Amino acid sequence: MQDRMELKALVDFYATESDKNNQDCYVEIFRPDIKLDVYFGDKLGMQAREVQDMIRQYKAFGAAKVSFHMNGQQNVDFVDETHANGTCYALATLVTEQDGKDVLTTHAVRYYDKYVKIEGRWWIAEREQHFEWSTNQVLG
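Here is what the cut-offs are and how they apply
Residues numbered from 1 in each chain as written. Predicted model: local features only at pLDDT ≥ 70, side-chain atom pairs only at ≥ 80, totals over all residues. Heavy atoms only, no water. Helix = DSSP H or I, 4+ residues; strand = E, 2+ residues; numbered from the N terminus. Buried < 20%, exposed > 50% of the residue type's maximum accessible area, 1.4 Å probe, protein only. Contact = heavy atoms within 4.5 Å. Expected span 1.5 Å × (residues − 1). Disulfide = S-S within 2.5 Å. Pairing = 2+ DSSP bridges. Axes fitted to C-alpha atoms, helices over the stretch in contact; angles between N-to-C directions.

## Some details on the side chain of Q23
So, step 1. Here Q23 lies in the loop between α1 (2-19) and β1 (30-40).
So, step 2. Under the relative-accessibility criterion, Q23 is labelled buried at 9%.
So, step 3. Apart from residues lying up to four places away in sequence, Q23 is in contact with I55, Y58 and K59.

## Some words on the environment of M1
So, step 1. With respect to the secondary-structure elements, M1 resides in the segment before α1.
So, step 2. When the C-alpha atoms of M1 and W123 are compared, they prove to be 17 Å apart, with 122 residues separating the residues in sequence.

## Topic: α1
Three or four residues apart is the spacing at which side chains of an α-helix point the same way, because the helix has 3.6 residues per turn.
So, step 1. For α1, which comprises 18 residues, the first-to-last C-alpha distance of 26 Å matches the rise-based estimate of 26 Å (1.5 Å per residue) to within 8%.
So, step 2. Buried residues of α1: L7, L10, V11, Y14, A15, E17 and S18, and no others.
So, step 3. For α1, the elements touching its buried residues are β1, α2 (51-60), β3 (66-80), β4 (83-98), β5 (101-118) and β6 (121-138).
So, step 4. Backbone geometry just after α1 places N21 at a positive phi near 60°.

## Observations concerning the state of the cysteines
So, step 1. All told, the structure shown has zero disulfides when counted by the stated rule.
So, step 2. C88 supplies the cysteine sulfur nearest to C25, a cysteine that is in no disulfide, at a spacing of 15 Å.
So, step 3. In this structure C25 comes out as buried when scored by relative accessible area, which is 3%.
So, step 4. Residue classification places C88 among the buried residues on the basis of a relative accessible area of 0%.

## Details of the sheet that holds β1
So, step 1. With mixed pairing, six strands are arranged side by side in an open sheet as β2-β1-β6-β5-β4-β3. Two strands bound the open sheet, and with one partner strand each, they are β2 (43-48) and β3. Direction aside, the axes of adjacent strands within the sheet are offset by 20° on average.
So, step 2. The pairing of β1 with β2 spans five bridges and is classified as antiparallel. Residue pairing in the sheet places V38 in a bridge with M46 of β2.
So, step 3. α1 contacts β1, β3, β4, β5 and β6 of the sheet and is inclined by roughly 155° relative to β3.
So, step 4. Packing against the sheet, α2 makes contact with β1, β2 and β6, and its axis sits at approximately 40° to β1.

Next up, the structure:
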């Protein structure tokens, strides 16, 4: 049960810090040699094999004026005492400015993670991030 709570806290920390536009904290969540693949629908849109490259690529997207990430269910299967696989469901909402107007974008995201516990601490070692669908609407 303790390991499940730690893994939930790990993915929630990612969402909370992403809301703050704090990608630098990803070094506290992901292994230095992270294997990250990001899909938009069924198309691979981004890859990183080092956490610093991952941070650089996320920062290149630019900061939203406001963001709100909400995690839903997380399913975890333990391989052994130091390895687990998980799926986390999330909604990410971002307000950006386009042509002088605020635009709200909502993304349904599914994360397929592989976790590793090193020296008593869980990390995300691999992540497949799938943007399942997205919507946009002009605000105001």
